[in-house]
Amino acid sequence: KTQVEQSPQSLVVRQGENCVLQCNYSVTPDNHLRWFKQDTGKGLVSLTVLVDQKDKTSNGRYSATLDKDAKHSTLHITATLLDDTATYICVVGQTSGGNYKPTFGKGTSLVVHP
Amino acid sequence: NSKVIQTPRYLVKGQGQKAKMRCIPEKGHPVVFWYQQNKNNEFKFLINFQNQEVLQQIDMTEKRFSAECPSNSPCSLEIQSSEAGDSALYLCASSLWQGINERLFFGHGTKLSVL
């Protein structure tokens, strides 16, 4: 069973538009949640990490929310740029006994058109 | 630009052959992770190290996969006898420690194709 579900699977927007990516999960315990950006053929770049029961973060044009009661997170990208074209991956992390165990979503593929 | 260096970028092997890939973590990062990302974008944690010691590894890693992070040398992941199902992007990541707020820095990966 998929423990981290991301939606939509793919998304196409025009440059300058805003978009929202969703992440629903069933992982327990859910210590924290990270959003990564993965350009095609590249590694993952961390955008933000959310920790609190109800958390909000902001990193430039990226902002994210987390609701641990609903086991739901969103990633908002405002005023999209062509360089935002990438796959965005939601990762729910658990830490136990000092060890870190992440569970990855399959990602949302975002394409930004001129 | 990623400061975690993975080599080679691409690796092509026949079934049954050994496949070895390397990772130089960001300078000063003692914690190193290896992940497998398949063509369906599914990630699988393989193994992680703190300095030279293995912290965690999955069962798959214990059989055909071996990994090490010797001091003063690149970390490496080796598949003893490659199978078609091993074709994937192998990602290495490093961090200062395993804390919640510690950022993971990923390399660009080694794309393994097993023919």
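Look up: the structure comes first, before these words.
Described in the following lines is the structure provided in the data block. (Residues numbered from 1 in each chain as written. Chains lettered and ligands numbered in written order. Predicted model: local features only at pLDDT ≥ 70, side-chain atom pairs only at ≥ 80, totals over all residues. Heavy atoms only, no water.)

### Some points on the environment of Y88 of chain A
All names here are of chain A. Note the cut-off: Numbering of helices and strands runs from the N terminus; a helix is a DSSP stretch of H or I covering at least four residues, while a strand is a stretch of E covering at least two. Each residue gets one of three labels from its accessible area relative to the maximum for its type: buried under 20%, exposed over 50%, partly exposed in between, using a 1.4 Å probe on protein chains only. Contacts are assigned to residue pairs that have any heavy atoms within 4.5 Å of one another. By the criterion applied in these results, polar contacts are pairs of N or O atoms within 3.5 Å in which, for protein atoms, one can donate a hydrogen and the other can accept it, and in which residues neighboring in sequence qualify only through two side-chain atoms.
Among the structural elements, Y88 can be located in strand 9 (residues 86-96). We classify Y88 as buried; its relative accessible area is 0%. Separated by 44 residues in sequence, Y88 and L44 have C-alpha atoms that sit 8.9 Å apart. With sequence-adjacent residues up to four places away left out, Y88 is seen in contact with Q6, L21, W35, F36, K37, L47, Y62, L75, I77, G107, T108 and L110. Looking at Y88, its side chain comes within polar contact range of the main-chain oxygen of D84, at 2.6 Å.

### Things to note about the nonpolar core
To keep things clear, this is the line we draw: Note on terminology: a nonpolar core comprises buried Ala, Val, Leu, Ile, Met, Phe, Trp, Tyr and Cys residues joined through side-chain atoms within 4.5 Å.
Residues V4, Y25, L33, W35, L75, Y88 and L110 of chain A are the most contacted members of the largest nonpolar core, which totals 22 residues. Among the nonpolar cores identified, the runner-up in size contains 20 residues, and L46, F49, F65 and V114 of chain B belong to it.

### With respect to the pairing of strand 9 (residues 88-95) of chain B
Residues and elements named next belong to chain B. Rules: Should DSSP find at least two bridges between two strands, the strands are taken to pair.
For strand 9, a buried count of 8 out of 8 residues is recorded, marking the element as mostly surrounded by other parts of the structure. What you see with strand 9 is no split at all: A88, Y90, C92 and S94 on one side and L89, L91, A93 and S95 on the other are buried throughout. Bridge analysis of strand 4 (residues 31-37) against strand 9 gives 7 bridges, and the strand direction is antiparallel. Within the sheet, the bridge partner assigned to Y35 lies in strand 9 and is L91.

Purely spatial values, then, with no claim about function.
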